[in-house]
Amino acid sequence: MQIILTGGAGFIGKKLVAAILEQGGLMVDGEMRPLGRIKLLDVVPATGLPADPRLEVVTADLDTPGALERLIDERTDLVIHLAAIVSAGAEADFDLGMRVNLDGTRAVLEACRRLPEPPRFLFASSVAVYGGDVVQGVIADTTHLTPQTSYGVQKAVGELLVMDHHRKGFVDGRSLRLPTIVVRPGKPNKAASTWASSIIREPLAGAEAVCPVTLDTEMYVLSPRGVVQAILDMIDLSSEALGQDRTVMLPGLTVNVTQMLDTLEAVAGPKVRARVRFEPDATIQNIVAGWARRFEPQRARKLGFKPD
């Protein structure tokens, strides 16, 4: 099978590529489909990927003329759409967020629409689709979407676009609402949640880290290993099992900063914990405070998805 992966130079994309290459294919509808080729698109150069003749890397933006047409062709069986401007970046630059997260998602879907056979299409959404008053309670599968950031709005619209393209028969569409993924490797990015990885990753590496939020700030999280497995499970899931609702909210863990630092200290000692210093950032605090923190993803559990 031929797989298209947008945003593949990010850490989730690279872990996903490694997993697919290692197992030599993907489970789809309960059957192993051998891998033919992975075509990876990202606006930044992809580093740290295995040298493998089954992997083709394209460095381009989603709106680079001809990029999607060259990438997505009649041999395409699966599209995994991870490319996005992260939360704080989309909030700081409204036009960029809309161009990449909304227009870019529609462009990828429209490229799939032109194919003679509808490919399986997986969209990485976010629990940022919830905000406002509903975040004070428990989020159920039936809770209505109330995004309070541009990023959350763009992800919510992306889910609806996937649903409609699926309804029209253009794709076999499916979306995953991801918790915050920790611990991310590499350097901090512009996501409002980047500190959640930094306060663990940097102290363990012997460096200082800045926490911009208060000790009681809570976050709904999932591990890198967990999100890669969830993506693989969502690809395997039959269309009939999903039914009309093509979006699944993933199980995760709710933790606060104190719990994170207590665990860091238990693992690595008080000197490592002391490398975290607090510098309040009202913008980040407000964004994170607007995110939902408690979830009851019963549908995901019934479908076989598991938390860490």
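Here the structure is shown first, and the text comes after it.
Rules used in this analysis
Residues numbered from 1 in each chain as written. Predicted model: local features only at pLDDT ≥ 70, side-chain atom pairs only at ≥ 80, totals over all residues. Heavy atoms only, no water. Helix = DSSP H or I, 4+ residues; strand = E, 2+ residues; numbered from the N terminus. Contact = heavy atoms within 4.5 Å. Buried < 20%, exposed > 50% of the residue type's maximum accessible area, 1.4 Å probe, protein only. Pairing = 2+ DSSP bridges. Axes fitted to C-alpha atoms, helices over the stretch in contact; angles between N-to-C directions. Core = buried A, V, L, I, M, F, W, Y, C linked by side-chain atoms within 4.5 Å.

Trainee: Would you mind going over the environment of Thr258 in detail, with residue names and values included?
Mentor: Tracing the backbone shows Thr258 in helix 9 (residues 257-268). Along the backbone, Thr258 and Ala107 are 151 residues apart, and their C-alpha atoms lie at a distance of 42 Å.

Trainee: I'd like to hear about the side chain of Asn101, residue by residue, with values.
Mentor: Along the chain, the position of Asn101 falls in helix 4 (residues 94-113). Discounting chain neighbours no more than four positions away, the residues touching Asn101 are Ala84, Ile85, Ala90, Tyr151 and Gln154.

Trainee: Talk me through the pairing of strand 1 (residues 2-6); I want residue IDs and the actual numbers.
Mentor: Within strand 1, five of the five residues are buried, which leaves the element mostly enclosed by the surrounding structure. In terms of strand pairing, strand 1 meets strand 4 (residues 37-42) through five bridges, oriented parallel. Paired with Thr6 across the bridge in strand 4 is Leu41. In this sheet, strand 6 (residues 76-81) lies alongside strand 1 in parallel orientation, the contact comprising five bridges. Bridge pairing in strand 6 links Gln2 to Thr76.

Trainee: So what's going on with the sheet that holds strand 5 (residues 55-59)? Residues and values would help.
Mentor: Taken in spatial order, the seven strands make up an open sheet running 5-4-1-6-7-9-13, and their pairing is parallel. With partners counted over all chains shown, the strands left at the sheet margins are strand 5 and strand 13 (247-249), one partner each. For this sheet, the mean angle separating the axes of adjacent strands, direction not counted, is 15°. With four bridges connecting them, strand 6 and strand 7 (residues 120-126) associate as parallel partners.

Trainee: Report on the nonpolar core, specifying residues and quantitative values.
Mentor: One finds Ile72, Phe121, Trp195 and Ile199 to be the most contacted residues of the largest nonpolar core, which totals 48 residues. The dominant element in this core, judged by the number of residues it contributes, is helix 4, at five residues. Discounting residues that sit within four places of it in the chain, Phe121 has contacts with Val79, His81, Val108, Leu109, Cys112, Val162, Val171, Asp172, Gly173 and Arg174. If you look at the next biggest cluster of nonpolar residues, it comprises 39 residues, including Leu21, Leu122, Leu232 and Val248.

By themselves, these are just geometric observations and shouldn't be taken as functional.
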